[in-house]
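Here's the letter readout for the chains.
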Amino acid sequence: MKRLLWISSLVAVVVVGFVFTSLPAVAHHSSAPFYDPTKSVEAIGVVERFVFRNPHSFLFIDGENADGEAVEWEVELGAAVSMRRAGWTPETIRAGDSIRAVGQPSRAPGTYGICCSRITRPDGSSIRR
Amino acid sequence: MSDTDIRGSSRRLICLATTAALLAAAFQGAVTQVGAQTAEAEIADLVGVWDGGPRVRRVNGPNMPWTPENFPVLNERALAFQQVFDEAIAPKYDCVPSASPAIQYDPYFMEFVQWPDRVLIRYEKDDQLRTVWMDGREPTLADYSIQGFSVGRYEGDALIVETSHFVFDITGFDDYNGIPSSQLKTVTERYWRDGEELRMTLTLEDPLFLREPASYTTRWLPAPEDYRLAPYECDPEEARRSVKFMIPKYR
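What counts and how
- Residues numbered from 1 in each chain as written.
- Chains lettered and ligands numbered in written order.
- Predicted model: local features only at pLDDT ≥ 70, side-chain atom pairs only at ≥ 80, totals over all residues.
- Heavy atoms only, no water.
- Helix = DSSP H or I, 4+ residues; strand = E, 2+ residues; numbered from the N terminus.
- Buried < 20%, exposed > 50% of the residue type's maximum accessible area, 1.4 Å probe, protein only.
- Contact = heavy atoms within 4.5 Å.
- Pairing = 2+ DSSP bridges.
- Axes fitted to C-alpha atoms, helices over the stretch in contact; angles between N-to-C directions.
- pLDDT = per-residue confidence, 0-100.
- Phe/Tyr/Trp six-rings, centres within 6.5 Å; stacked < 30°, edge-to-face > 60°.
- Lys NZ or Arg CZ within 6 Å of the ring centre and 35° of its normal.
- Salt bridge = Lys/Arg side-chain N within 4 Å of Asp/Glu carboxyl O.
- Polar contact = N/O pair within 3.5 Å; in protein donor to acceptor, adjacent residues only side chain to side chain.
- Nonpolar A, V, L, I, M, F, W, Y, C, P; charged D, E, K, R; others polar.

J.: Before we move on, can you summarise the overall build of chain A with the specific residues and values?
T.: In terms of regular secondary structure, chain A is built from two helices and five strands. The order of helices and strands in chain A, counted from the N terminus, is α-β-β-β-α-β-β. Split into buried and exposed, the 129 residues of chain A put 49% on the buried side. For chain A, contacts bridging at least 24 residues in sequence account for 60% of all contacts bridging at least 6.

Have a look at this one:
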């Protein structure tokens, strides 16, 4: 059973890794002023809206914080012009989709931003339709 | 037709003929000028859409400007500005476009268009268009702008672009080190083809902030066939959204 779990985890990592590497990089300026690259945070919830814009797209997720309180996560993604070249459209993610984002948390206390994230369905499967 | 009508028509004909003659002379002059340059220097073929994205040059990678090896030597004025600079006031968070020497390294596509009297450089990032005048004209006081005023010439197999007349820019050195640039900033770019690559060496001078010139070299690869630059249409609301995630330097 443990072996099966390990294999499942490995497959999930590969799938997540594929999704992550297919994401365009964020703009060349450092994300360090906004997000802490030494930490990781997970947001699971339902997509409230997907804003496909420049200079950065944002994904809004209705979910919970570490204390179980309802919060809105703001997941920063790449520029729409770059994401479109990688096959993304405004319809790649839709309001109501269940989603999971794992990435760097925002620095300011009381904010729920995530950067440089791996985005999958809650079960780890690809978000690609 | 009365005598008055005939005299009016004659005057209009004379005006038209004079205008046509002047235009013809001006056109002849322009052709002669471009023709003379063509004879002296081979015109580097830089036309096309070029990929400057992460597949071509690694984002935040070791070869980006500025590395410890080529980081400019700042004077006390620049250091003082850098000391007090707060990222939250960076104009990019209000969609103010990137400028030289940073826009050349932004990880986006750009396009070269070559006309007889000018080279147009279009940047997908921030929908920017730079005009490089090849006809010998000189800047006026009305030409100060965020992208400055550019003149160019062909030298061997390269295009040399010299830009001055920048306005003061609080992040005019690049867009993430909090170093400003002044009206005395000058940027010299040398573009040339190396096989399928487009290469550029950029040299930056600014006596108000830098003790000595700084330089970097980068490259582009041809964009996929038939790719056209997409509108950027920077959204100020999204540009500023992440600012609230910072712990502010000043309260």
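J.: Requested: an account of the sheet that holds strand β2 (residues 58–64) of chain A, with residues and values cited.
T.: Residues and elements named next belong to chain A. An order of β1-β2-β3-β5-β4 is seen for the five strands of this closed barrel, with the pairing classed as mixed. Across this sheet, the average inter-strand angle for adjacent strands is 55°, counted without regard to direction. Here strand β1 (residues 41–51) pairs with strand β4 (residues 98–105) via six bridges, running antiparallel. Along β4, the bridge assignment pairs Val41 with Gly103.

J.: Provide a residue-level description of the sheet that holds strand β2 (residues 109–114) of chain B, including the pertinent values.
T.: Residues and elements named next belong to chain B. In spatial order, the strands read β1-β2-β3-β4-β5-β6-β7-β8-β9; together these nine strands close into a barrel with mixed pairing. Averaged over all pairs of adjacent strands, the angle between strand axes in this sheet comes to 30°, irrespective of strand direction. Here strand β7 (residues 186–194) pairs with strand β8 (residues 197–205) via nine bridges, running antiparallel. Bridge pairing links Tyr191 to Met200 in β8.

J.: Can you break down the confidence of the model for chain A residue by residue, with the values?
T.: All names here are of chain A. Mean pLDDT for chain A: 81, with 77% of residues reaching 70 or above. Highest mean pLDDT in chain A belongs to strand β3 (residues 70–76) (98); lowest belongs to helix α1 (residues 2–22) (36). Counting interchain partners and residues more than four positions distant, the pLDDT-below-50 stretch residues 1–28 has 38 contacts.

J.: How would you summarise the packing of aromatic side chains if you had to cite specific residues and measurements?
T.: Residues and elements named next belong to chain B. Overall, the coordinates contain 18 aromatic pairs over all chains when judged by the stated rule. Between Trp66 and Tyr216, the aromatic rings sit 5.3 Å apart at their centres with planes inclined by 85°, giving edge-to-face as the arrangement. You can see Trp66 sitting in the loop between β1 (48–51) and α2 (76–84) and its partner Tyr216 sitting in strand β9 (residues 214–222), a full 150 residues away along the chain. A relative accessible area of 4% means that Tyr216 is categorised as buried. In textbook terms, an aromatic cluster arises when at least three aromatic residues are bridged by ring pairs, as seen for Trp66, Phe71, Tyr105, Phe173 and Tyr216. Here the basic side chain of Arg57 rests over the ring of Trp220, its NZ or CZ set 4.8 Å away from the ring centre. Residue placement shows Lys185 over the ring face of Phe166; its charged tip is 4.3 Å from the ring centre.

J.: Help me get a handle on the interface of chain A and chain B, residues and values and all.
T.: Often, the extent of an interface is quoted as the loss of accessible area on bringing the components together. The interface of chain A with chain B comprises 30 residues on the first partner and 30 residues on the second. One can count four salt bridges joining chain A with chain B. Inspection of the region where chain A meets chain B yields nine residue pairs in polar contact (both at pLDDT 80 or more). When contributions to the side of chain A that touches chain B are tallied by element, the ones reaching two or more residues are β1, β2, β3 and α2 (80–85) of chain A. Here the side of chain A that touches chain B is built from residues that sort into 15 nonpolar, nine polar and six charged.

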